[in-house]
Amino acid sequence: MGATHRCICGATLRYKQDLDRERGTVSSTWKCTDCGTPVPGVIAERISHQHPS
């Protein structure tokens, strides 16, 4: 089973499509597509490599 992240809004983030990427000057910030809450980078990196089968 791959990485998942439970957002404070209740959404379960599993795939790259569940994240919004905001490109910053130093690094990218990943956010929940439902509510815009930032997702911790380590978790977001893992999720961003997962795709629905």
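Here, every reference points to the structure presented above.
**Remarks on the pattern of salt bridges**
In step 1: A complete count under the given rule lists 1 salt bridge for this structure.
In step 2: The salt bridge involving Lys 31 is made with Glu 22; its shortest N-O contact spans 3.2 Å.
In step 3: Looking at Lys 31, the relative accessible area reads 21%, which means it is partly exposed.
In step 4: On the accessibility criterion, Glu 22 (43% relative accessible area) is partly exposed.

**Brief notes about the environment of Asp 18**
In step 1: Inspection of the secondary structure assignment puts Asp 18 in the loop between strand 2 (12-13) and strand 3 (19-23).
In step 2: When the C-alpha atoms of Asp 18 and Trp 30 are compared, they prove to be 9.8 Å apart, with 12 residues separating the residues in sequence.
In step 3: If we ignore the near neighbours within four places in the chain, the residues touching Asp 18 are Thr 12, Leu 13, Lys 31, Cys 32 and Thr 33.

**Observations regarding helix 1 (residues 41-48)**
In step 1: Within the sequence span of helix 1, burial applies to Ala 44, Ile 47 and Ser 48. Down the axis of helix 1, the buried side of the element spans an arc of 100°, and every buried residue falls inside it. Exposed side of helix 1, more than 90 degrees from the buried face: Val 42 and Arg 46 are the residues found there.
In step 2: In the core, the buried residues of helix 1 are packed alongside strand 1 (5-6), strand 2, strand 3, strand 4 (28-32) and strand 5 (38-39).

**Observations concerning the nonpolar core**
In step 1: Judged by nonpolar contacts, Ala 3, Cys 7, Ala 11, Leu 13, Leu 19, Trp 30, Cys 32, Val 39, Ala 44 and Ile 47 together constitute the single largest core of 10 residues.
In step 2: Counting residues per element, the ones that place at least two in this core are strand 4 and helix 1.
In step 3: Those residues in contact with Leu 13, other than ones at most four positions away along the chain, are Ala 3, Thr 4, His 5, Asp 18, Leu 19, Cys 32, Val 39 and Ile 47.

Reading guide: rules and limits
Residues numbered from 1 in each chain as written. Predicted model: local features only at pLDDT ≥ 70, side-chain atom pairs only at ≥ 80, totals over all residues. Heavy atoms only, no water. Salt bridge = Lys/Arg side-chain N within 4 Å of Asp/Glu carboxyl O. Buried < 20%, exposed > 50% of the residue type's maximum accessible area, 1.4 Å probe, protein only. Helix = DSSP H or I, 4+ residues; strand = E, 2+ residues; numbered from the N terminus. Contact = heavy atoms within 4.5 Å. Arc of directions from axis to C-beta. Core = buried A, V, L, I, M, F, W, Y, C linked by side-chain atoms within 4.5 Å.

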